[in-house]
Amino acid sequence: MINIKDNLDKIKAQIQHACQQNGRLIALNELTEQISAQFSPVSLLAVSKTKSASLVEQAHLAGQNDFGENYLQEALEKIALLSHFPELTWHFIGPIQSNKTKLIASNFSWVHSVDREKIALRLNQHIQNDNGHNTPLNICLQVNISNEESKSGIDIDELFSLAEVVNNCDNLILRGLMAVPEKNAHNRCYEKMQHLFEQLQKRYPSVDTLSLGMSNDLEQAVAHGSTMVRIGTAIFGERTKKINL
Ligand SMILES: *Cc1c(COP(=O)(O)O)cnc(C)c1O
């Protein structure tokens, strides 16, 4: 049987190690002059797509609060089943159809896969109209970094105009960038993402998130400034079924 707590511990150690290798650990005693623990600037998003609510619950009981989902219908079922854990934070990381923006806006705290103006405007509008408490939605723009025809993501030359649109939406907070580099992508790809992220940070003070790195490229991503890795397989095991809801 899969031991989710062990897997989470291993991944956290791997993140810590990668941060150390790249000089990215911040010693807390530099800040407080008291605590000597070290703080990792890379947070862990557990990607639970195709995995059951009970596995998500196991991960949560082992201390994990942030979960990423790709398929809306599947996610909504899990979110409902786990609604007695209000500390869970749900991130939508899959392709977005415009007729799904309403349910995404009302059920998720983060959306990593915004790659079109129309989607951004619709998410913003739904929060305004439907979401009584008006909690703003955290947004990362997905960049088509490997320039593959089939992949989602905005082209680099249109990125900054999309960023401006999101930044001007009252109910959206522009948090940063997301990418899914192709398998065995060259370091150049990661360097390009890091550079775009730094440029975006200079323009917008709300930008603090580079959502980059999965089970197979965590080290490469951390070496290039990732602040959030999205890990599925290494926590929950291989995915046997491909759900396409
Ligand atoms: C599935 C998925 C992940 C997790 O990938 P693993 O290789 O299982 O760690 C991360 N990001 C996105 C966008 C995904 O679709």
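An account of the accompanying structure is given in this report.

### A short note on the overall build of the protein chain
Thought 1: Looking only at helices and strands, the protein chain features 10 helices and 10 strands.
Thought 2: Expressed as a percentage of the 245 residues in the protein chain, the buried residues total 51%.
Thought 3: Contacts in the protein chain between residues far apart in sequence, at least 24 positions, make up 60% of those at least 6 positions apart.
Thought 4: Of the roughly 12,300 Å² of accessible surface on the protein chain, a fraction of 46% belongs to carbon and sulfur atoms.

### Remarks on the pattern of salt bridges
Thought 1: This structure, assessed with the given rule, holds 5 salt bridges.
Thought 2: Each of Glu-69, Glu-74 and Lys-78 takes part in salt bridges that share partners, so that together they form one network.

### Some remarks on the packing of aromatic side chains
Two aromatic rings are characterised by how far apart their centres lie and by the angle between their planes.
Thought 1: The full count for this structure, using the stated rule, is 2 aromatic pairs.
Thought 2: The interplanar angle of 40 degrees and the centroid separation of 5.9 Å between the aromatic rings of Phe-67 and Trp-90 together place this pair among those described as tilted. Residue Phe-67 is found in strand E4 (residues 66-69), and its partner Trp-90 is found in strand E5 (residues 89-92); the two are separated by 23 residues along the sequence. Summarising the burial analysis for this pair, Phe-67 and Trp-90 share the class buried.
Thought 3: The interplanar angle of 85 degrees and the centroid separation of 5.2 Å between the aromatic rings of Phe-92 and Phe-108 together place this pair among those described as edge-to-face. Taken together, the residues span a long stretch of sequence, with Phe-92 in strand E5 and Phe-108 in the loop between helix H5 (101-107) and strand E6 (110-114) at a distance of 16 residues. A single burial state applies to Phe-92 and to Phe-108, both of which are buried.

### Description of the pairing of strand E8 (residues 172-178)
Thought 1: Burial of E8 is extensive: 6 of the 7 residues sit out of reach of the surface.
Thought 2: In this structure, E8 lies alongside strand E9 (residues 209-211), joined through 3 bridges in parallel fashion. Paired with Met-178 across the two strands is Ser-211, which belongs to E9.
Thought 3: Note that the unit made of E8, helix H8 (residues 187-203) and E9 has a crossover that is right-handed.

### Remarks on the side chain of Ser-226
Thought 1: Within the fold, Ser-226 resides in the loop between helix H9 (218-223) and strand E10 (228-231).
Thought 2: For Ser-226, a relative accessible area of 0% gives the class buried.
Thought 3: Side-chain polar atoms of Ser-226 contact the backbone oxygen of Leu-212, separated by 2.7 Å.
Thought 4: For Ser-226, the contacting residues outside a window of four places in its chain are Arg-24, Val-42, Leu-210, Leu-212 and Ala-221.

### Digging into the site of the ligand
Thought 1: Taken together, 13 residues surround the ligand, and among them Lys-49, Asn-70, Ser-215, Thr-233 and Arg-239 come closest.
Thought 2: One of the backbone nitrogen or oxygen atoms of Gly-232 is found 2.8 Å away from an oxygen atom of the ligand.
Thought 3: Here Arg-239 contributes a side-chain N or O atom positioned 2.8 Å from an oxygen atom of the ligand.
Thought 4: Its free accessible area being 390 Å², the ligand has 90% of it covered by the protein chains.

### Brief notes about unusual backbone geometry
Thought 1: With a phi angle near 70 degrees, Thr-50 is a residue other than glycine that sits in the positive phi range.
Thought 2: By the secondary structure assignment, Thr-50 is in the loop between strand E3 (43-47) and helix H3 (53-61).
Thought 3: For Asn-184, which is not glycine, the phi dihedral falls at a positive 55 degrees.
Thought 4: Along the chain, Asn-184 turns up in the loop between E8 and H8.
Thought 5: For Asn-184, a relative accessible area of 79% puts it in the exposed group.

Conventions and cut-offs
Residues numbered from 1 in each chain as written. Predicted model: local features only at pLDDT ≥ 70, side-chain atom pairs only at ≥ 80, totals over all residues. Heavy atoms only, no water. Helix = DSSP H or I, 4+ residues; strand = E, 2+ residues; numbered from the N terminus. Buried < 20%, exposed > 50% of the residue type's maximum accessible area, 1.4 Å probe, protein only. Contact = heavy atoms within 4.5 Å. Areas by Shrake-Rupley, 256 points an atom, 1.4 Å probe, with all protein chains shown as cover. Salt bridge = Lys/Arg side-chain N within 4 Å of Asp/Glu carboxyl O. Phe/Tyr/Trp six-rings, centres within 6.5 Å; stacked < 30°, edge-to-face > 60°. Pairing = 2+ DSSP bridges. Right-handed = clockwise from strand over helix to strand, strands pointing away. Polar contact = N/O pair within 3.5 Å; in protein donor to acceptor, adjacent residues only side chain to side chain. Near = heavy atom within 4 Å.

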